[in-house]
Amino acid sequence: MPVFRALSKVAKQALLAPACGCQPLTVAIRNISFSPRQVTSGSDASFHSVSFSETDHPKVLITGGLGQLGVGLAKLLRKRFGKNNVILSDIRKPPSNVFHSGPFIYSDILDYKNLREIVVNNRITWLVHYSALLSAVGEANVALARAVNITGLHNILDIAAEHGLRLFVPSTIGAFGPTSPRNPTPDLCVQRPRTIYGVSKVHAELMGEYYHHRYGLDFRCLRYPGIISADSQPGGGTTDYAVQIFHDAVKTGKFECNLKPDTRLPMMYIDDCLRATLEVMEAPAESLSMRTYNINAMSFTPEELAKEVQKQLPDLQVTYEIDSVRQAIADSWPMNFDDSNARNDWCWKHDYDLPELVQTMLNFIGSDSRIAQAN
Ligand SMILES: NC(=O)C1=CN([C@@H]2O[C@H](COP(=O)(O)OP(=O)(O)OC[C@H]3O[C@@H](n4cnc5c(N)ncnc54)[C@H](O)[C@@H]3O)[C@@H](O)[C@H]2O)C=CC1
Ligand SMILES: CC(=O)[C@H](N)C(=O)O
């Protein structure tokens, strides 16, 4: 009775496991003796042990790696762990500079066998799960968002548990809703988001934490604010305006904002976001009193951002044409994010406040467009 044997193993494990979430990595890995998917399919296969120790370089797979954040994360991780130890993956065709910058592989997170093959053949030890449909595109295609953000996540959790991977899944300010405290929003409070994106991210947080407590999965999750980057485009979110303003300011001197001037949201420069991700992945398990943390850097409105940009580009003209879907989403999200647990537990500290963010973005986009004009 393989299923029964497997279930009794879980029961024993659950009784032995401490109630808190901080288990050392080695314990977490060795405690997993099967994947939940294997139990439901009736198999009694034993855990595929990995020989990853803290002194080895991890072998990292990034899913959804061609979006706003993945390429930058791959660059950071390759600097630290070596080019060939970080594999980018996506369902889209990579631009040639990305293709030639390090290993790239096709991976559809809805294809469980394909994912498993990649993890096994490349001896993956860390999985960074970036594939998702963001808030605005998710509302435009709920069925696809549900499939990618929820069914895809289930595949990722099972693969990670089965192969003893350390798993990072980002969550978002969008995991909160209108009934959450909004200024500031703490780590633990009511979470009743009103978007499929938010619902899927709360699901990811809860499932990851459940797999951690139940199966010892080394799940780590940060709730990112809106991320601002110069050399990668956002993928269809509510905070996208805060990237677009820089491009339009430099190229045309005009910007039409799709959120009201006083809509306050938490934001972060991409370098801080990627560094936080590496830091929480490297943090000793004992330092993590939780498995899902808010992180924050700054909080501003479109009007405040425009004023800061106008200090550098005084001729910038900003008009407002409100997108009702995005505005309703933004009005239900945190205005300010309390990230004191991340700061206390693993010493999270942001580098970029609003003035440095604006200077850095304008320097980057300005020099980029000067190069384009010269060519
Ligand atoms: N960019 C931001 O401001 C924030 C991002 N996050 C989270 O960080 C992660 C990465 O975000 P971004 O890079 O901005 O997202 P993005 O939308 O720019 O990129 C997502 C990627 O997922 C890929 N994808 C879609 N369906 C897939 C499938 N079936 N299999 C494999 N890949 C698939 C897409 O091709 C795309 O390249 C997401 O999980 C997002 O929720 C969280 C909060 C803020
Ligand atoms: C904050 C996010 O999760 C994302 N940028 C979005 O606006 O959907």
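Only a predicted model underlies this, so the values are computations on that prediction, with no experimental measurement involved.

Undergrad: I tried to follow the side chain of threonine 277 on my own but got confused; where do I start?
TA: Inspection of the secondary structure assignment puts threonine 277 in helix α11 (residues 270-282). Residues within four places of threonine 277 in sequence aside, it is in contact with Leu73, Tyr130, Phe168, Leu222 and Tyr224.

Undergrad: Where do I start with unusual backbone geometry in this structure?
TA: Backbone phi values are negative for most residues with the exception of glycine, while trans is the configuration of most peptide bonds. For the bond running from asparagine 183 to proline 184, omega is 5 degrees, close enough to zero to count as cis. You will see that arginine 123, though not glycine, has its phi angle at about 50 degrees, which is positive. Tracing the sequence through the fold places arginine 123 in the loop between α6 (112-121) and β4 (126-129). Despite not being glycine, cysteine 347 has its phi angle at roughly 60 degrees, a positive value. Checked against the element boundaries, cysteine 347 lands in the loop between α14 (340-346) and α15 (354-374).

Undergrad: Sorry if this is basic, but what is going on with the site of ligand 1 here?
TA: Surveying the vicinity of ligand 1 reveals 26 residues, the closest of which are Gln68, Asp90, Arg92, Asp108 and Tyr197. Tyrosine 197 has a polar side-chain atom sitting 2.7 Å from an oxygen atom of ligand 1. Against a free-state accessible area of 830 Å², the protein chains account for coverage of 93% of ligand 1. Split by residue class, the shell around ligand 1 holds 13 nonpolar, 9 polar and 4 charged.

Undergrad: How do you make sense of the environment of tyrosine 224 when you look at a structure like this?
TA: Mapped onto the elements of the fold, tyrosine 224 is located in strand β7 (residues 218-224). Overall, tyrosine 224 belongs to the buried group, its relative accessible area being 5%. Remark: the alpha-carbon pair of tyrosine 224 and methionine 268, spanning 44 residues in sequence, is separated by 8.1 Å. Filtering out sequence-adjacent residues up to four positions away, tyrosine 224 remains in contact with Leu69, Tyr130, Phe168, Pro170, Ser171, Thr172, Ile173, Cys273, Thr277 and Ile295.

Undergrad: Is there a simple way to explain the confidence of the model for the protein in this structure?
TA: It should be kept in mind that the predicted coordinates are not to be read in detail where pLDDT is low. Per-residue confidence for the protein averages 88 on the pLDDT scale, and 83% of its residues sit at or above 70. Looking over the protein, one finds the lowest element-wise mean pLDDT in helix α2 (residues 25-31), namely 36, and the highest in strand β11 (residues 292-294), namely 99. Low pLDDT, under 50, characterises residues 1-33; the predicted model gives this stretch 59 contacts beyond four residues in sequence or across chains. Taken together, the stretch residues 39-52 has pLDDT below 50 and engages in 38 contacts with residues farther than four places along the chain or on a different chain. Scoring the predicted complex yields pTM 0.88 and, for the interface, ipTM 1.00.

Undergrad: What should I look at first to understand the nonpolar core in this one?
TA: Among the nonpolar cores identified, the biggest contains 69 residues, and Ile62, Phe246, Phe300, Leu305 and Trp346 are the most heavily contacted of them. The biggest single contributor to this core is α11, with 7 residues. With residues up to four places along the chain from it excluded, the contact list for leucine 305 reads Tyr241, Ala242, Ile245, Phe246, Phe300, Leu354 and Val358. Within the second largest apolar cluster, 28 residues are counted, among which are Leu127, Leu153, Ile156 and Ile196.

Undergrad: Which parts of the structure should I look at to understand the sheet that holds strand β10 (residues 265-269)?
TA: Strand pairing in a sheet relies on backbone hydrogen bonds. The paired strands run either parallel or antiparallel. What the 3 strands build is an open sheet, ordered β8-β10-β12; its pairing is mixed. The sheet is open, and its two edges are formed by β8 (226-228) and β12 (298-300), each paired on a single side. Across the sheet, the mean angle from the axis of one strand to that of its neighbour is 45 degrees, orientation sign disregarded. As paired strands, β8 and β10 are joined by 3 bridges and run parallel to one another. Note on β10: the bridge partner recorded for isoleucine 227 is methionine 268. Where α11 meets the sheet, it contacts β8 and β10, and its direction lies at approximately 80 degrees from that of β10.

Undergrad: Can you walk me through the site of ligand 2 in this structure?
TA: Every residue near ligand 2 is listed here: Leu134, Ser135, Thr172, Ile173, Tyr197, Gly226, Gly237, Thr238, Thr239 and Trp333. One nitrogen or oxygen atom from the side chain of serine 135 is found 2.5 Å from an oxygen atom belonging to ligand 2. One of the backbone nitrogen or oxygen atoms of threonine 238 is found 2.6 Å away from an oxygen atom of ligand 2. Of the residues contributing to the shell around ligand 2, the split by class is 4 nonpolar, 6 polar and no charged.

Undergrad: Is there a simple way to think about the state of the cysteines in this case?
TA: Taken as a whole, this structure holds 0 disulfides when the rule is applied. Cysteine 221 provides the cysteine sulfur closest to cysteine 189, a residue in no disulfide bond, and the two sulfurs are 14 Å apart.

Undergrad: Would you mind showing me how to read helix α9 (residues 196-215) here?
TA: For an α-helix the count is 3.6 residues per turn, leaving residues at separations of three or four pointing the same way. Helix length check: α9 (20 residues) gives 27 Å between terminal C-alpha atoms against 28 Å at 1.5 Å per residue, within 8%. Buried residues of α9: Ile196, Tyr197, Gly198, Ser200, Lys201, Val202, Ala204, Glu205, Gly208, Tyr211, His212 and Tyr215, and no others. Residue glycine 216 follows α9 closely and has a positive phi angle near 80 degrees.

Undergrad: Help me understand the packing of aromatic side chains in this model?
TA: Given two aromatic rings, one states the distance between the centres and the angle between the planes to describe the pair. Tallied over the full model, the rule gives 10 aromatic pairs. For the pair tyrosine 210 and tyrosine 215, a centre-to-centre distance of 6.4 Å together with 85 degrees between the ring planes defines the contact as edge-to-face. A relative accessible area of 11% means that tyrosine 215 is categorised as buried. Between the aromatic rings of tyrosine 211 and tyrosine 215, the centroid separation amounts to 5.1 Å while the plane-to-plane angle is 75 degrees, which identifies the pairing as edge-to-face.

Undergrad: Explain the pattern of salt bridges to me, please; I cannot follow it from the model alone.
TA: It is possible for side chains of opposite charge to pair when their charged atoms get near one another. Summed over all chains, the structure comprises 14 salt bridges. When the shortest N-O distance is used, the salt bridge between arginine 166 and aspartate 218 registers 3.0 Å. Here arginine 166 is found in strand β5 (residues 166-168), whereas its partner aspartate 218 is found in strand β7, with 52 residues between them in sequence. Pair check on accessibility: arginine 166 and aspartate 218 agree, each one buried. A salt bridge links arginine 291 to aspartate 218; its shortest N-O distance comes to 2.6 Å. Linking arginine 291 in the loop between α11 and β11 with aspartate 218 in strand β7, this pair joins segments that are 73 residues apart in sequence. There is no split in this pair, since arginine 291 and aspartate 218 are both buried. When salt bridges that share partners are traced, they join Arg166, Asp218, Arg220 and Arg291 into one network.

What counts, and at which threshold
- Residues numbered from 1 in each chain as written.
- Chains lettered and ligands numbered in written order.
- Predicted model: local features only at pLDDT ≥ 70, side-chain atom pairs only at ≥ 80, totals over all residues.
- Heavy atoms only, no water.
- Helix = DSSP H or I, 4+ residues; strand = E, 2+ residues; numbered from the N terminus.
- Contact = heavy atoms within 4.5 Å.
- Near = heavy atom within 4 Å.
- Polar contact = N/O pair within 3.5 Å; in protein donor to acceptor, adjacent residues only side chain to side chain.
- Areas by Shrake-Rupley, 256 points an atom, 1.4 Å probe, with all protein chains shown as cover.
- Nonpolar A, V, L, I, M, F, W, Y, C, P; charged D, E, K, R; others polar.
- Buried < 20%, exposed > 50% of the residue type's maximum accessible area, 1.4 Å probe, protein only.
- pLDDT = per-residue confidence, 0-100.
- Core = buried A, V, L, I, M, F, W, Y, C linked by side-chain atoms within 4.5 Å.
- Pairing = 2+ DSSP bridges.
- Axes fitted to C-alpha atoms, helices over the stretch in contact; angles between N-to-C directions.
- Disulfide = S-S within 2.5 Å.
- Expected span 1.5 Å × (residues − 1).
- Phe/Tyr/Trp six-rings, centres within 6.5 Å; stacked < 30°, edge-to-face > 60°.
- Salt bridge = Lys/Arg side-chain N within 4 Å of Asp/Glu carboxyl O.

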